[in-house]
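# Working through the structure, step by step
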Amino acid sequence: MNSERALAQVTAVGSNLLRVGSGETDDPTLGIQPKRYLEEIANARIFFDNITVGLRYEMDDPSEVGQSFQGLRRRWIEYNKDQLLLQAGSVSALYGRGLSINAFEARPLNYDAWLDGIKGDYEYKWKKEDADFQPSLGVRMIAGNLTFHDVVDTNKPVQQVSARAVNSQLGFFGKKLILGTSFVQAFTSVTEVLGRSGNVITNREVNQPEMYLNFLSGPVEGFFQFTEMRSNLNQVQNKDTSIFNLGKALYGSLSYAGSEFGLTMEYKNYSYFVRSPGADNQNYLSKLPISSPPEVYKEFTYTSLTRTTHSVNFDDELGFEVEADVTAIPEYVITLNCAASSQHNSYALAKDSSGNLVYNTTGSTSFLPKFSGNNFYPFWEAFCEVEHDFGSLNYLKLFAHRRSNVITASTSSADIQRSTTIGGKVQYETIKTQSLLVSMEHQWMYDTEKPLNNHNLLNELLTLQYSINSVSFGGVFDYSTQNEASRHFWPQGFISFHIGGSHTILASYGAERGGLNCTGGICRVVPAFNGLRVTVTSQL
Amino acid sequence: MKKFITVIFLTTCFFSAKVFAAADSVKVIESMNFSVTDVSGDETNFKNFLGKGPLLVNFWALWCEPCKQEMKAFIALSEKLKEKGVAMVSINEDMVKSIAKVRAWVKSQGIMQPMLVDPDGNISRDHFSMESLPYSLLLKPDGSVYKRHVGFTAGDEVKIEKELDDLVQELSEKK
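Below is a summary of the structure that appears in this document.

Rules behind the numbers
Residues numbered from 1 in each chain as written. Chains lettered and ligands numbered in written order. Predicted model: local features only at pLDDT ≥ 70, side-chain atom pairs only at ≥ 80, totals over all residues. Pairing = 2+ DSSP bridges. Helix = DSSP H or I, 4+ residues; strand = E, 2+ residues; numbered from the N terminus. Axes fitted to C-alpha atoms, helices over the stretch in contact; angles between N-to-C directions. Contact = placed C-beta atoms within 7 Å. Nonpolar A, V, L, I, M, F, W, Y, C, P; charged D, E, K, R; others polar. Buried ≥ 20, exposed ≤ 12 C-beta atoms within 10 Å, placed from the backbone.

Moving on to the sheet that holds strand S5 (residues 115-117) of chain B. Residues and elements named next belong to chain B. In spatial order, the strands read S2-S1-S5-S4-S3-S6-S7; together these 7 strands make up an open sheet with mixed pairing. The open sheet is flanked by strand S2 (43-45) and strand S7 (145-150), the only strands paired with a single partner. Pairs of neighbouring strands in the sheet enclose a mean axial angle of 30°, with direction left out of account. In this sheet, S2 lies alongside strand S1 (residues 35-38) in antiparallel orientation, the contact comprising 3 bridges. Looking at S2, one finds that Thr37 is bridged to Glu43.

All names here are of chain A. Judged from the 9 bridges that link them, strand S16 (residues 317-326) and strand S17 (residues 332-342) form a sheet pairing that is antiparallel. Bridging across to S17, Gly319 finds its partner in Ser341. Between S16 and S17, which pair antiparallel one after the other, the connecting turn spans 5 residues, and Glu331 there sits at a positive phi close to 70°. Taken together, the 10 bridges between S17 and strand S20 (residues 379-391) define a ladder with antiparallel strand orientation. Across the sheet, the residue bridging to Ala339 is Glu381, located in S20.

Okay, the interface of chain A and chain B next. Taken together, the contact between chain A and chain B spans 75 residues of the former and 57 residues of the latter. Of the residues forming the side of chain A that touches chain B, the biggest block, 7 residues, is contributed by strand S1 (residues 10-27) of chain A. Its residues assigned to classes, the side of chain A that touches chain B shows 25 nonpolar, 36 polar and 14 charged.

Moving on to unusual backbone geometry. Residue and element names in this part refer to chain A. Here the amide bond leading from Asp61 into Pro62 is cis, since omega sits at -5°, within 30 degrees of zero. Along the chain, Pro62 turns up in the loop between strand S3 (51-60) and strand S4 (69-81). The phi angle at Phe173 is positive, at roughly 55°, despite the residue not being glycine. Given 16 C-beta atoms within 10 Å, Phe173 falls into the partly exposed group. Even without glycine at this site, Thr433 takes up a positive phi of about 75°. Within the fold, Thr433 resides in the loop between strand S22 (414-431) and strand S23 (434-447). The class for Thr433 is partly exposed, based on 17 C-beta atoms found within 10 Å.

Don't take any of this as a statement about function, it's just geometry.
Printed below as a string of structure tokens:
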């Protein structure tokens, strides 16, 4: 009887992802190269009473992005009862909005900042009859190690990170008011190969306190978080030293949630490591890989906009974003969004008294982004979308977008991208269980990295999809006046099947343009691809 | 050889666990006993959404257009079948990048159904092993999964309504 009861407590869930690709890619240095990849990920969660076991087996060989891997990527065991949680193995955490701890994973980029260690959470809530203002006290801790591979600049050496962090949260009025504090201590070590010196090691100690506040009052919600990153380089390329840097990060948001109008404003002021282009100790003092604050610009769903988005410099960037959702007109949804950012300082090369070339600060800003001069790396964009709901799931969306972004800048020149994009999307249920989805995007772009036609080019994107019961098929037609990877036209066909609801097979064949792929502020340049892709997703 | 043994071990563990659960005639919802927070900051336990009738669970994000279409379809279904005990709960998967906008968007759209937030992916990843969006579940009153749906295109709501009707009939026959 006891064994039967024990067996009755065991449940499990799982998932499987298989991705296969075969074709050619456009390598920036080597040109057109054959490309094949195979990714197989199997996840399992086994629940027994208050214990959970999590496993993830991964075979990423050859990988599409980053390093190949085979084996158990994740394994953890968790005990969760009442308000106590204890976990050992692969652990992650998010404190506030991630200015000090946001150890997340972005699989499409092969970005992984999870720790191998332990985690503990406990919360105590006073009952309302014991205290009118319903206080609660939560304590969290995480400690572990990470071997971090930079996916943005793959030439950077591997960084070993050993971190421990503790967080406490005091809540009032049923957590409508939260005061949080955290402290992170981390030790990082980078090993490089340096000419005749062979392997050289750079070590850093980071102490990072932070505080945050969250309040919710009716339709208004506010959040504020501040952290200081106190870094001490005690060894640089095998030489003992003591170099201190005080980095800071500030983030705030304020939102109004009304029945016909929603408004969200966000502000960022990140100075984890502000330095001139020619400064020593580049990147040794950068933000920890386990920190990942908000980017403060919109996450678009249109391909033309996501392909050339802004890459955030978390070490030195300030800016804001405002978004409004208007639903006061029946059957219409209007979305307005604008964002802007820049660096804190602008720099220019000049000769010092000894005749050496040095970077001088030519301008600075402390609070709002500055647009006077490309050397501030200014970025701004404005977006407007109108959606009309025809009933059922039929809709029409029209949008317009304008963006200006300085990619790189020196004393004499700058790489600038400016674009104006218009487009729309329509979905129409032709008959029950069948639907048509059409999306069109037209983009005028000015890109100083594209030499032809005075840097002006046009991009067109048309997507057609028809769905019948569990089958969807269609095509993507991508065109540019600019020659990329020896072509102007990228056609692609796709088909997907849903099998029994739990399984989806997606196959696509054709050419895809390259561009930026960004997740959580981590951006990677995706090269153009031409060939076959197959993805099988299963939930068990 | 080591990798082969690891794969066999994992597969055996997984399917053994499934067999234990399948052989048992009494489904227990202990795995559905976990704390959640809604978009208004209120905390509750996920099991509080169970026990009354079929539950539609829709995972979504602001950047996932098909997810928002699925949520719209689920809202219509849950209102149409409310008297048969059908309910729904949506779980937002936006990360720190967009989490500040979620509440304003939800309220401006007039969504009144329960809306949970999952900015660190704890619910979707650790409790439901979600692989990708769109993803939705149809849960029985005891928390066991009746149907899963990976992906969503307009027209899928017809099949989901049929599944709901079948489940409602199955539950009423058991009574």
